[in-house]
Amino acid sequence: MTSGAAEKQAFPLAQDPADPGAAVERLMLQMTLPEKLAQLAGVWVNASTDGDSVAPLQNEMAGDERTWEEMISQGLGQITRMYGTVPVEPLEGARRLAAAQEQIMAASRFGIPAQVHEECLAGLAAWKATAFPVPLAWGATFNPGLVRRMAGLIGGQMRALGVHQGLAPVLDVVRDLRWGRVEETIGEDPYLVGTVASAYVGGLEETGIVATLKHFVGYSASRAGRNHAPVSMGPRELADVMLPPFEMAIRHGGARSVMHAYTDTDGVPAAANRALLTALLRDEWGFTGTVVADYFGIAFLNATHGVAADSGEAAALALAAGVDVELPTMNCYGTPLLEAVRSGAVPEALVDTALRRVLTQKQEAGLLSAAFDPAPPALAAGTIDLDPAEHRALAREIAAQSLVLLTNRTHDGGPTLPLPAAALASVGVVGPLSQDPFAMLGCYSFDAHVGASHPDIPMGITVPTVAEAAAGRCGAVQSAASGTCEVIPEDRIEEACRLAAAVDTCVIVVGDNAGLFGRGTSGEGNDVGDLQLPGDQRLLLDRVLTAAEAAGTRTVVVILSGRPYALGEFADRAGALVQGFFPGEEGAEALWDVLTGARTPTGKLPVSVPRTAGGQPGTYLHSSLAGASGVSALDPSPLFGFGHGLSYTSFGFSGHTASAPTMSTTGTVTVGCTVTNTGSLAGAEVVQLYLADPVGEVVRPVRELIGYARVELAAGASAELEFTVHADRTSFTGLDLQRVVTPGLVKLHVATSSTADVATHEVILHGPRTVVGFGREMLTPVTVTPL
């Protein structure tokens, strides 16, 4: 610590164990208004204002003509993405951070360090850090425990680098598959999203990192799947579909921060929605952490939403709504808010309310302690490896568990997959993603998010391509790259066709390249008009499959993408279809583990796969009239439903039980079954439990997931499952907009996907209509007992 900062310890920053809030209150009493406001905003020190951007309207919003010394003269709330804005050696980044913290502590009267945040959606978004699979792949594992382990490793890296807050996970429930940010979500079901996200939150928070829930709320339901577009959603759908994952992550994950959404719902932008950010989040749910702005979200109240005349009005609206921290840099909470408070337009008490939360969180992170060391632990160690073997191994495990076998047709008398030894003697790998390492990375993986804008800087990690990973598994491997995801020249298509006809096995790799704001086919700002494979890939796939069919070549189509695409015309032509959702740096190795049978596929779809490009913009979570019916000629039924996924082994179900045919509206019922691996290989089945409410006081979904269990079984082994279903799990938002449990018949479907039931139990709820709230039972516990 500098001598200047040491002199400032005359101010009462020491924490009193008997009264942990006392230091915060004493500090606030001594702070001037400019010093208070300085704690409510960040500074993005490396942000570019020209060229490629990593945040919406960054080029227009990120400019700040003040010097660094001027920015920190009154203190500083947050440092934005010291490691994640440009490629920087991790230790060099740590040295820069230490120097910045020393300067911040020396510059202001109180010597308070800044809170440091980074993105961590697919691993820490820093150069040379492990690129884990994207959240949609987490959902495909149906394995919260594995996701929690990953979050713990990521959090440990962040702590070593001096980072305090992670801007993840995304809890938006997919409602329109055309939205570019589908890859950042965990899936189309609130229970899957909530349970997996809570596990990720818990893993981060256990390391001391503040997890930030994104994006509160409704962002993924924008009209026509267009980024930032208005949300057309009533309060009932918002409460029953969008809010539960956030409730779960706060109650069961322990999240300490929430980020507001960019969108408006019924004309009210989330950043200015006091009913949402204060009345619901804080008053009803009891959330005591910080609410942070999505990047430039406060300024957008003026610039894009048009509900504020200038930056001062935007600041006033956001602060009154309950936004505590302006990110990524100071646009509105600086001079504009200062003038609004001094003029009397904004009460200083609102500033104090936000400041108290910010300082309390800094206190929890040790930033108000005289013992705070501005040097990150990595500097003391003298070295840090952000991509160690342990991280790569876990990345490979998650990738393998996330790969979904969609189809597996017969070839030469047996299934196409796993590939027999004879099929590996002569292998062709073709398609636009066959030789592209970026086929594995989502838009928030550092090398796609930032590195792509620095072509002179090499990738910081090793990411094998599908073709490269084949070389160590197969005999003779031939590969033909065929342009990009969007443009494939005719001569490249012809080359791929010739190769497909000349080999024993042809692996065709199609899908997406992730990027930002038009620099890709998936990712933030890359929304699409339909769900056809991007660009010329549909033509390529048709031509190559035709050539392979004529030659008798075994074919495997691999889709590596950020959203599901329409595959109806290829499902009966390809030998096998394998879906991967940006499986990370070890994705290609995991893929070949599955293709060769070293691993049995266990992934299940976290989103439905459409049959046709325009017929399925929605999801499985719909009412009866939103599905196939006699009143519309358009059948939106998916090709493969939510939860679908095949295996190389088989599973049988028996011993179906329900503890009682009735339960009270405050009681429980248990649903049990025995699952047996009836095949010759070890594998895992995801047993899913769905609720159907045939007659409700409002229109109810045809079915909704209320429980699941991933069951690992050796060949021939069995396990007994028992789900404990509380009546609260049948609750919904009723006519009076209260969440209620109502008497009547419900059906509990034990299933292997949303379209494949294995047993149904009818249970009648009896008793009074019961109002439940934030404290209700939100989980369906399940016990798995090996037999």
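One numbering rule holds for all chains: residues counted from 1, following each sequence as written. In view of the model being predicted, local features appear only for residues whose pLDDT reaches at least 70, and side-chain atom pairs are presented and counted only at 80 or more, with totals across whole chains, interfaces and linings using the full set of residues. As a rule here, side-chain values cover all heavy atoms of the structure and leave hydrogens and water aside.

Here the focus is the overall build of the protein chain. Regarding its fold elements, the protein chain presents 22 helices and 29 strands. A compact globule built from 787 residues should have a C-alpha radius of gyration of about 28 Å, and the protein chain, at 27 Å, falls within 12% of that. Principal axes of the C-alpha set define a box for the protein chain whose edges measure 80 × 70 × 50 Å. Out of the 787 residues in the protein chain, the part that is buried amounts to 61%. Pairs at least 24 residues apart make up 79% of the contacts formed inside the protein chain by residues separated by at least 6 positions. Of the accessible surface of the protein chain, which amounts to about 25800 Å², a share of 52% is contributed by carbon and sulfur atoms. Think of it this way: Lys and Arg go in the positive column, Asp and Glu in the negative one, and His and the chain ends go nowhere. Note on charges: their place is set at NZ of Lys, CZ of Arg, CG of Asp or CD of Glu. Side-chain charges of the protein chain comprise 50 positive and 83 negative groups, with the mean position of each set lying 3 Å from the other. Only DSSP runs of H or I with at least four residues qualify as helices, and only runs of E with at least two residues qualify as strands; both kinds are numbered from the N terminus onward. It is over C-alpha atoms that the radius of gyration is taken, and the globule rule equals 2.2 Å times the number of residues to the power 0.38. Exposure is judged per residue with a 1.4 Å probe applied to protein chains only, and the accessible area is read against the type maximum: over 50% gives exposed, under 20% gives buried, and values in between give partly exposed. Two residues form a contact once any of their heavy atoms are found within 4.5 Å. Note on areas: Shrake-Rupley, 1.4 Å probe, and residue coverage restricted to the protein chains presented here.

Chain-level statistics for the protein chain give a pLDDT mean of 93 and a share of 95% at 70 or above. Counting interchain partners and residues more than four positions distant, the pLDDT-below-50 stretch residues 1–12 has 22 contacts. Note on scores: pLDDT gives the predictor's confidence for each residue, bounded by 0 and 100.

With that settled, consider the pattern of salt bridges. Salt bridges, as used here, are contacts in which a Lys or Arg side-chain nitrogen is within 4 Å of a carboxyl oxygen on Asp or Glu. Scanning the model with the defined rule gives 38 salt bridges in all. Linking Arg392 and Asp387 is a salt bridge whose minimum nitrogen-to-oxygen distance equals 2.8 Å. What makes Arg392 buried here is its relative accessible area of 17%. With a closest N to O distance of 2.2 Å, Glu712 and Arg710 form a salt bridge. With a relative accessible area of 52%, Glu712 lands in the exposed category. Salt bridges sharing partners connect three or more residues here, namely Asp387, Arg392, Arg396, Arg473, Glu585, Glu586, Glu589 and Asp593.

Moving on, we come to the state of the cysteines. Disulfides are covalent bonds that link the sulfur atoms of two cysteine residues. The rule for a disulfide is simple: a pair of cysteine sulfur atoms within 2.5 Å. The tally for this structure, following the rule as stated, stands at zero disulfides. Note on Cys474: no disulfide assigned, nearest cysteine sulfur contributed by Cys506 at a separation of 12 Å. The buried category is assigned to Cys474, whose relative accessible area is 11%.

Let us now look at the sheet that holds strand S25 (residues 739–741). Sheet architecture is open: three strands sit in the order S24-S25-S28, paired in antiparallel fashion. Each edge of the sheet is formed by a strand with only one pairing partner; in this case those strands are strand S24 (732–733) and strand S28 (770–771). When DSSP finds at least two bridges between two strands, those strands are taken to pair. Where S25 meets S28, two bridges bridge the pair, whose relative direction is antiparallel. Across the sheet, the residue bridging to Val741 is Thr770, located in S28.

Another aspect to go through is empty space enclosed by the protein. Cavity and pocket criteria rest on a 1 Å grid covering protein atoms alone: a 1.4 Å probe that fits but cannot get out defines a cavity, protein on both sides within 12 Å along at least 5 of 7 lines defines an open pocket, and an atom within 4 Å of a point defines a lining residue. Grid points are joined across faces, edges and corners, and a volume is the space filled by probe spheres set on the points. Using the criterion set out here, one finds seven cavities of 30 Å³ or more in the structure. Its volume calculated, the second largest cavity comes out at about 70 Å³. Ala126, Ala129, Ala131, Phe446 and Asp447 are the residues nearest the centre of the second largest cavity, which is lined by 16 residues in total.

Angles shown run from 0 to 180 degrees and are taken between the N-to-C directions of axes, each axis being a line fitted to C-alpha atoms and, for helices, limited to the stretch in contact. It is the contact of helix H9 (residues 190–206) with helix H10 (residues 235–251), at a shortest axis distance of 8 Å, that shows an interaxial angle of 25°. The pairing of H9 with H10 is recorded here as roughly parallel in orientation. As for the relative orientation of H9 and H10, their crossing is right-handed in sense. Along the contact surface, H9 presents Pro190, Tyr191, Val193, Gly194, Thr195, Ser198 and Val201, while H10 presents Asp240, Val241, Pro245, Met248 and Ala249. By the definition adopted for this analysis, an angle is roughly parallel if under 35 degrees, roughly antiparallel if over 145, roughly perpendicular if from 65 to 115, and oblique otherwise. Each crossing gets its handedness from the near helix: less than a right angle anticlockwise from the far helix is left-handed, clockwise is right-handed.

In this section: the layout of surface pockets. Volume-wise, the largest pocket comes out at about 1000 Å³. Elements with a contribution of two residues or more to the lining of the largest pocket: H9, H10 and strand S22 (704–713). Broken down by element, the lining of the largest pocket gets its largest block of residues, six residues, from H10. Its volume calculated, the second largest pocket comes out at about 570 Å³. Put simply, the parts of the chain that give the lining of the second largest pocket at least two residues each are H10 and helix H11 (274–284). Under the scheme applied here, ten amino acids are nonpolar (Ala, Val, Leu, Ile, Met, Phe, Trp, Tyr, Cys and Pro), four are charged (Asp, Glu, Lys and Arg), and all others, including Gly, are polar. Of the residues assigned to the lining of the second largest pocket, the class counts are 15 nonpolar, five polar and five charged.

What follows covers helix H17 (residues 389–402). If you check H17, its first and last C-alpha atoms are 20 Å apart, about what 14 residues at 1.5 Å a residue would give, namely 20 Å. Within H17, the full set of buried residues consists of His391, Arg392, Leu394, Ala395, Ile398, Ala399, Ala400, Gln401 and Ser402. Where H17 is buried, its residues meet helix H7 (135–141), helix H8 (144–160), strand S10 (404–408), strand S17 (576–580), helix H22 (587–595) and S22. One less than the residue count of a helix, multiplied by 1.5 Å, gives the span that helix is expected to have.

For the rest of this paragraph, the subject is unusual backbone geometry. Cis rather than trans, the peptide bond between Phe216 and Val217 has omega equal to -5°. Here Val217 shows up in the loop between strand S5 (210–216) and H10. The amide bond that connects Leu417 to the next residue, Pro418, takes the cis arrangement and shows omega of 0°.

Within a regular beta strand, the side chains point alternately toward one face of the sheet and then the other, so they alternate between its two faces. Two strands pair when backbone bridges link them, and strand S19 (residues 662–664) and strand S27 (residues 756–766) are joined in this way by three bridges, in the parallel orientation. Bridging from a neighbouring strand, Thr662 pairs with Ile764 of S27. Here nine bridges tie strand S26 (residues 744–753) to S27, and the two strands are oriented antiparallel to one another. Along S27, the bridge assignment pairs Val746 with Val763.

Two rings belonging to Phe, Tyr or Trp (six-membered ring only in the last case) form a pair when the distance between their centres is within 6.5 Å. Interplanar angles under 30 degrees mark stacking, angles over 60 mark edge-to-face geometry, and anything in between is tilted. Using the criterion set out here, one finds 14 aromatic pairs in the structure. The interplanar angle of 80° and the centroid separation of 6.0 Å between the aromatic rings of Tyr191 and Tyr708 together place this pair among those described as edge-to-face. Taken together, the residues span a long stretch of sequence, with Tyr191 in helix H9 and Tyr708 in strand S22 at a distance of 517 residues. In this pair, the class of Tyr191 matches that of Tyr708, namely buried. Through pairs of rings, three or more aromatic residues link up here, namely Phe142, Tyr191, Tyr620, Phe642, Tyr690 and Tyr708. Should the NZ of a Lys or the CZ of an Arg lie within 6 Å of a ring centre and within 35 degrees of the ring normal, that charge is described as sitting over the ring. The lysine or arginine in question, Lys128, covers the ring of Trp127, its NZ or CZ lying 4.8 Å from the ring centre. A cation over an aromatic ring shows up here: Arg251 above the ring of Phe774, its NZ or CZ 5.9 Å from the ring centre.

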